[in-house]
Amino acid sequence: MNKKTVQDIEVKGKKVLVRVDFNVPLSSKDPKNKITVTDDTRIQAALPTLNYLLDHGAALILCSHLGRPSSPADTQFSMAPVATRLGELLARPVQTADDVVGAAVTAAAAKLQPGDVLLLENTRFHPGEKKNDAELSQQLAALADLYVNDAFGSAHRAHASTEGVARAIQARGGAAVAGFLMEKELSALGTAVSNRPHPYVAIMGGAKISDKIKLIENLLDTADKILIGGGMANTFIKAQGHETGTSLVEADALPEAERLLGLAGDRLVLPVDFVVSEKFEAEAAAETVAADRIPADKMALDIGPQSLAAFKQALRGAKMVVWNGPMGVFEFPRFAKATNQLAQLLADQVEEGTEVIIGGGDSAAAVTQAGLAAKMSHISTGGGASLELLEGKHLPGIAALDEK
């Protein structure tokens, strides 16, 4: 994954198409309301790349998806509020286009001068985006001289704005390279994939085992220990023959869970106790029980203190830790204790020299909620992309970029 970056190419006087990840939370989904960006974290993450390009004399054409619109009629997903916030952060005007491609967009791009910024409309307003349509890719490529992908969170998707346009730009003789955010992701996660130090411990949580079967199987070949928490732990407990009450269990995944237990031996560390409740509610009464003693009328909503102690023991001396998925229903403070305590434990280990990588998605949200984001070695901006990379999968948006 030794890809060229913006620092490896000449950008002065060039028009640069930058695929960013501006899929940000908005204040409303009602197009009648005044819609604003409520969390600009992803916009801020793109600023180092954008400012570098602008400082080095480029004109920028930015593209991103936002939400899941079914058509351009879903104007609540327009990029206009993003352009407003981006302009504030860049301290310069940001022009907007009313479409992704077309005559008006081509004309606007042609007029750009060094230092100018044009934000295209939501790429998912165009039906060819998710189909990786060749014509859309060619039209996007015709707008610019060079292509930069700084949207790691979309790199696992072979879309027109991630893979198709990179190939089209290259076919026209232009470069297709990584931005600084993409470079940072590839550096951190690349270490976990191909150059990991040992002991290497993976922590898997979240609701479903089915989403992570391939990842766990891959980790059995690479990790020294795999710690399992969250809702997915219930399926493993059930696969061991224990009752799980009304806990979330993926019945269809039980055979796979049994198979993984057989393959893993003592490398798979399961919870030994759970915090359980009769109701899935923030203020529901809770108690801690052994993993094989979950009452018939209760559900596991967090791992218990003995489990956390066992995890702490398994993490002792680790040189690298990758964490993906919370240990419980972290949205409810009563059932977020293990997740928060694990985050603190990992933050302490970073201070002792452990490389701790947070795999995006809910894990990133949980670490941020715990106020410990700044203490982690790396927090990925792409939940799905980071998982697929750790699984050893081919990520189209990365594969398409120029090699050094």
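1. Description of the sheet that holds strand 10 (residues 273–277)
Across the sheet, three strands lie side by side as 11-10-12; this open sheet has antiparallel pairing. Only two strands of the sheet have a single partner each, and these edge strands are strand 11 (287–290) and strand 12 (299–303). On average, each strand axis in the sheet is tilted by 45° relative to the strand beside it, whichever way the strands run. Taken strand by strand, helix 10 (residues 305–315) contacts strand 10, strand 11 and strand 12, and its axis lies near 40° from that of strand 12.

2. Topic: unusual backbone geometry
Cis geometry is found at the peptide bond from H198 to P199, where omega equals 0°. Following the sequence through the fold, P199 ends up in the loop between helix 6 (180–194) and strand 7 (200–204).

3. Thoughts on empty space enclosed by the protein
Scanning the entire structure with this criterion turns up two cavities of 30 Å³ or more. One number sums up the size of the largest cavity: a volume of about 70 Å³. No other element matches helix 1 (residues 41–55), which puts three residues into the lining of the largest cavity. Of the residues belonging to the lining of the largest cavity, the class tally is five nonpolar, two polar and three charged. When its volume is computed, the second largest cavity comes out at roughly 30 Å³. Forming the boundary of the second largest cavity are A192, V193, R196, Y200, N218, L219, T222 and L390. Listed by contribution, the elements that provide at least two residues to the lining of the second largest cavity are helix 6 and helix 7 (213–219).

4. Thoughts on the pattern of salt bridges
Enumeration over the complete set of coordinates arrives at 13 salt bridges. Residue K3 is joined to E403 by a salt bridge in which the shortest nitrogen-to-oxygen separation is 2.7 Å. Of this pair, K3 sits in the segment before strand 1 (15–19) while E403 sits in the segment after helix 14 (396–399), placing them 400 residues apart in sequence. The class for K3 is buried, based on a relative accessible area of 8%.

5. A word on the layout of surface pockets
When its volume is computed, the largest pocket comes out at roughly 1,100 Å³. The wall of the largest pocket is formed by 40 residues, among which D21, R42, S380, T381 and G382 lie closest to the centre. Of all the secondary structure elements, the ones that give two or more residues to the lining of the largest pocket are helix 1, helix 6, helix 12 (361–369), strand 15 (378–379) and helix 13 (383–390). Grouping the amino acids of the lining of the largest pocket by side-chain chemistry returns 12 nonpolar, 19 polar and nine charged.

6. Remarks on the sheet that holds strand 9 (residues 268–269)
On the basis of which strands lie adjacent, the open sheet formed by six strands has the order 9-8-7-13-14-15 and parallel pairing. Two strands bound the open sheet, and with one partner strand each, they are strand 9 and strand 15. Sheet topology places strand 13 (residues 320–324) next to strand 14 (residues 355–358); four bridges connect them, and they run parallel. Counted as the bridge partner of M320 is E355 from strand 14. Across the sheet, helix 10 touches strand 7, strand 8 (225–228), strand 9 and strand 13, and the angle it forms with strand 8 is around 160°.

7. Looking at the packing of helix 10 against helix 11 (residues 337–351)
For the pair helix 10 and helix 11, the least separation of the axes is 11 Å and the interaxial angle reads 20°. Accordingly, the angle class assigned to the pair helix 10 and helix 11 is roughly parallel. For the crossing formed where helix 10 meets helix 11, the hand is right-handed. Here L308, K312 and L315 of helix 10 lie close against helix 11, whose contacting residues are A338, Q341, L342, L345, L346 and Q349. Looking at the contact of helix 10 with helix 11, its residues break down into six nonpolar, two polar and one charged.

8. Looking at the environment of D221
Within the fold, D221 resides in the loop between helix 7 and strand 8. Under the relative-accessibility criterion, D221 is labelled exposed at 68%.

9. Section: helix 8 (residues 232–239)
Of all eight residues in helix 8, seven are buried, a share of seventy percent or more. Every buried residue of helix 8 is listed here: M232, A233, N234, T235, F236, I237 and A239.

10. A closer look at the pairing of strand 10
A large share of strand 10 lies buried, amounting to five of its five residues. By the alternation rule, side chains of strand 10 split into D273, V275 and S277 and F274 and V276, which are all buried. Here strand 10 runs beside strand 11; their pairing, made up of four bridges, is antiparallel. The residue bridging V275 from the neighbouring strand is T288, located in strand 11. Here four bridges tie strand 10 to strand 12, and the two strands are oriented antiparallel to one another. Paired with V275 across the two strands is D302, which belongs to strand 12.

11. A few points about the environment of L62
On the secondary structure map, L62 appears in strand 2 (residues 59–63). Accessibility expressed as a relative area gives 0% for L62, which makes it buried. Taking the C-alpha atoms as reference points, L62 and V367, 305 residues apart in sequence, are found 30 Å from one another. Leaving out residues up to four positions away in the same chain, L62 has contacts with V18, V20, F22, L50, L86, V117, L118, L119 and L120.

Cut-offs used in this document
- Residues numbered from 1 in each chain as written.
- Predicted model: local features only at pLDDT ≥ 70, side-chain atom pairs only at ≥ 80, totals over all residues.
- Heavy atoms only, no water.
- Pairing = 2+ DSSP bridges.
- Helix = DSSP H or I, 4+ residues; strand = E, 2+ residues; numbered from the N terminus.
- Axes fitted to C-alpha atoms, helices over the stretch in contact; angles between N-to-C directions.
- Contact = heavy atoms within 4.5 Å.
- 1 Å grid on protein atoms, 1.4 Å probe; cavity = no way out; pocket = protein on both sides within 12 Å on 5 of 7 lines; lining within 4 Å.
- Points joined across faces, edges and corners; volume = space filled by probe spheres on them.
- Nonpolar A, V, L, I, M, F, W, Y, C, P; charged D, E, K, R; others polar.
- Salt bridge = Lys/Arg side-chain N within 4 Å of Asp/Glu carboxyl O.
- Buried < 20%, exposed > 50% of the residue type's maximum accessible area, 1.4 Å probe, protein only.
- Parallel < 35°, antiparallel > 145°, perpendicular 65-115°, else oblique.
- Left-handed = near helix turned anticlockwise from the far one by under 90°.

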